[in-house]
Amino acid sequence: MSQYELDARRILCPMPVIRTQNRVVELQPGDTLIVTCTDPGALNDIPAWCRINGHTVIKTERRDDDVIITLEVGAA
Amino acid sequence: MTQRKAVSLISGGLDSLLATKVMLEQGVHVEGINFFTGFCVEGHTHAIRKRDQQKEKRNNALWCAEQLGVKLHIIDVIEEYKDVLLNPKHGYGANLNPCQDCKTFMIHKALEWIKAHDFDFIITGEVVGQRPMSQRKDLMPVIARESGANDLLLRPLCAKNLPETLPEREGWVDRSRLLDFSGRNRKPQMALAAQYGFTDYATPAGGCCFLTDENYSKKVVDMWQHRPSRDYELDDIMLLKVGRHIRPKDNFKLIVGREEGENKFMEGYRKQFISIYTTSHPGPLVLLDGRDISDADIELAGRITARFGQGRDAETVDVEARLPGGEIKTFQVAPMPPHAIKPEWYV
């Protein structure tokens, strides 16, 4: 199981979701991806995308102007 | 019996929600697909403007998929969509909306997707006669043909008004359980939504494409008229949604932030554009978009910038202009009086 990071700052939804989706395709089940965004909409959209596509959001947090979403990749 | 698989074009509106549900009720495996052109982005503006940041934000396509319990694939088609917008075979609607070509393009992309993912057919939430361009009865077969989907394209909400498609002929779906909606009346959709228990769906017939907006379209045209080519990037599309756009001269325009959220968003573009703000008084961040911008142009822009800040009534204000390379110019200007800003400068 590996941990990866994705910088999705200064782009607006749905681009952070698309970047997350495209990165997750390259990862293995059980891998962790930490996505950093500046669009607060990502706090809703990325978890929603995870729920419908079988991935798990481990943590969401706000840090200054960033929102950070940590997810675990589910089975394909 | 093999479970058939369909991909549904989910826009986030009620019709595609219902069309997908109709297919799920027939036991078809459905996954959603949503194409991001760069223009179907109401949420972007909400995310930018501070006054809108307290509103509940949701991507309606994701919301629909979650209600339906289906996967959703969001596909970035920004680059490919340029050709649709720049060279629409069937022209534009009331503004810069190339609706028929857009629909054809999206169905063609869905066709590519089902071939790549071993799915059987495509569904959409289209309703005969609901929209003046892309959903006219006579155009529906044209779109099916020109997209290449032909009879792999099923429109469950109005299928009974159209010729049988392959999924119906082959018995993958039961035509008798499809619908015969037509026209602009939304009551049948609302009744069906109530029957399925959907209550919190996006505004019916809401539409979410900026290209149908007159003011936005004017800004796009202005951008094309003042550039060597009609090409554009995602950043261009985004910036057309932000701030006041003021063009005092042919070679440049100002993008004037209207409030804190926009100023903050525009800060991300200071390495790409000359940026201006007043240092002696609070005021907006302004980006200069253009070419061959001279010191005199920057001073003119400084005067206009001052007009929109709290120093508008001062004799002079201090202005700082930062060039994309980081060089900073500081100067004093008299704010431009309101009557000197010509109405035709506003894009």
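All figures in this text were calculated on a predicted structure; none of them were measured in a lab. (Residues numbered from 1 in each chain as written. Chains lettered and ligands numbered in written order. Predicted model: local features only at pLDDT ≥ 70, side-chain atom pairs only at ≥ 80, totals over all residues.)

Here we come to the overall build of chain A. Scanning chain A for helices and strands turns up two helices and four strands. Element order for chain A, N to C, with α for helix and β for strand: β-α-β-α-β-β. Counting only C-alpha atoms, chain A reaches 30 × 20 × 15 Å along its principal axes. Within chain A, the fraction of its 76 residues that count as buried is 42%. Considering only residue pairs separated by 6 or more positions, chain A has 60% of its internal contacts joining residues 24 or more positions apart. (Helix = DSSP H or I, 4+ residues; strand = E, 2+ residues; numbered from the N terminus. Buried ≥ 20, exposed ≤ 12 C-beta atoms within 10 Å, placed from the backbone. Contact = placed C-beta atoms within 7 Å.)

Taken domain by domain, chain B holds domain 1 (5-209) and domain 2 (242-345). The centre of domain 1 of chain B, based on its C-alpha atoms, is set 42 Å off from the matching centre of domain 2 of chain B. (Domains from an automatic or database assignment.)

Further remarks concern helix α11 (residues 260-267) of chain B. Along α11 of chain B, the residues classified as buried are Glu-262, Phe-265 and Met-266 of chain B. All buried residues of α11 of chain B lie within an arc of 95 degrees about the axis, which places them on one face of the element. (Arc of directions from axis to C-beta.)

In this section: the pairing of strand β2 (residues 29-36) of chain B. Residue and element names in this part refer to chain B. When you tally the buried positions in β2, you get seven out of eight residues, the bulk of the element. Taken together, the five bridges between strand β1 (residues 5-9) and β2 define a ladder with parallel strand orientation. Note that in β2 the partner of Leu-9 across the bridge is Ile-33. Read as a crossover between parallel neighbours, the route from β1 over helix α1 (residues 14-25) to β2 is right-handed. (Pairing = 2+ DSSP bridges. Right-handed = clockwise from strand over helix to strand, strands pointing away.)

We now examine the interface of chain A and chain B. On the side of chain B, 17 residues touch chain A, which itself brings 17 residues to the contact. At the level of elements, α1 (15-24) and α2 (42-53) of chain A are the ones that each hand at least two residues to the side of chain A that touches chain B. If one sorts the elements of the side of chain A that touches chain B by residue count, α2 of chain A sits on top with seven residues. Classifying every residue of the side of chain A that touches chain B by side-chain character gives nine nonpolar, four polar and four charged. (Nonpolar A, V, L, I, M, F, W, Y, C, P; charged D, E, K, R; others polar.)

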